[in-house]
Amino acid sequence: MLIDARHGLKPVDHEWMTRMDKAAQSYQIVLTKIDEVPAVKREQVVAKIAAEIARHPAAHPVVMPTSAETGAGVPALRAVLAELAAPDAFR
């Protein structure tokens, strides 16, 4: 799920997370626009989201902060997506 780091999880996000939990469909939170959060608050934002998703059994426990503007986190996200697309290629 793509979540704007400036705003955090909204009620509609919680609704979808609950639906995915009930369907046993795993998902991962990708925070977008992390560069627009003040540097001193970024860790706090990620920790808050991680604490919120800990209550959702289908959520992957790792939050991936990213920025299209600076490229932060994008290589890690690409690696995760590549492994999902071709899991045998990485074993």
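Reading the values: rules and limits
Residues numbered from 1 in each chain as written. Predicted model: local features only at pLDDT ≥ 70, side-chain atom pairs only at ≥ 80, totals over all residues. Heavy atoms only, no water. Core = buried A, V, L, I, M, F, W, Y, C linked by side-chain atoms within 4.5 Å. Buried < 20%, exposed > 50% of the residue type's maximum accessible area, 1.4 Å probe, protein only. Helix = DSSP H or I, 4+ residues; strand = E, 2+ residues; numbered from the N terminus. Contact = heavy atoms within 4.5 Å. Pairing = 2+ DSSP bridges. Expected span 1.5 Å × (residues − 1). Arc of directions from axis to C-beta.

Regarding the nonpolar core
Turning to step 1, where the next piece is worked out: If you look at the biggest cluster of nonpolar residues, it comprises 16 residues, and the most contacted ones within it are Y27, I29, L31, I49 and I53.
Turning to step 2, where the next piece is worked out: Only α1 (11-22) and α2 (39-53) provide two or more residues apiece to this core.
Turning to step 3, where the next piece is worked out: Tallying contributions element by element places α2 first for this core, with three residues.
Turning to step 4, where the next piece is worked out: Residue contacts for Y27: discarding those within four places in its chain leaves M1, M17, M20, D21, H56, A58, A59 and H60.

Focus: the sheet that holds strand β2 (residues 30-32)
Turning to step 1, where the next piece is worked out: An order of β1-β2-β3 is seen for the three strands of this open sheet, with the pairing classed as parallel. At either margin of the open sheet sits one strand with a lone partner, and together these are β1 (2-4) and β3 (64-65).
Turning to step 2, where the next piece is worked out: Pairing geometry for β2 and β3, over two bridges, is parallel. Paired with V30 across the two strands is M64, which belongs to β3.

Focus on α1
Turning to step 1, where the next piece is worked out: In this model, α1 (12 residues) spans 17 Å end to end at C-alpha, consistent with the 16 Å of a helix rising 1.5 Å per residue.
Turning to step 2, where the next piece is worked out: All of the buried residues along α1 are D13, M17, M20 and D21. Looking down the long axis of α1, one finds its buried residues gathered within 105° of arc, a one-sided arrangement. For α1, the exposed residues set more than 90 degrees away from the buried face come down to P11 and K22.
Turning to step 3, where the next piece is worked out: Buried residues along α1 sit against β1 and α2.
Turning to step 4, where the next piece is worked out: Just downstream of α1 lies A24, where phi reads positive at about 55°.

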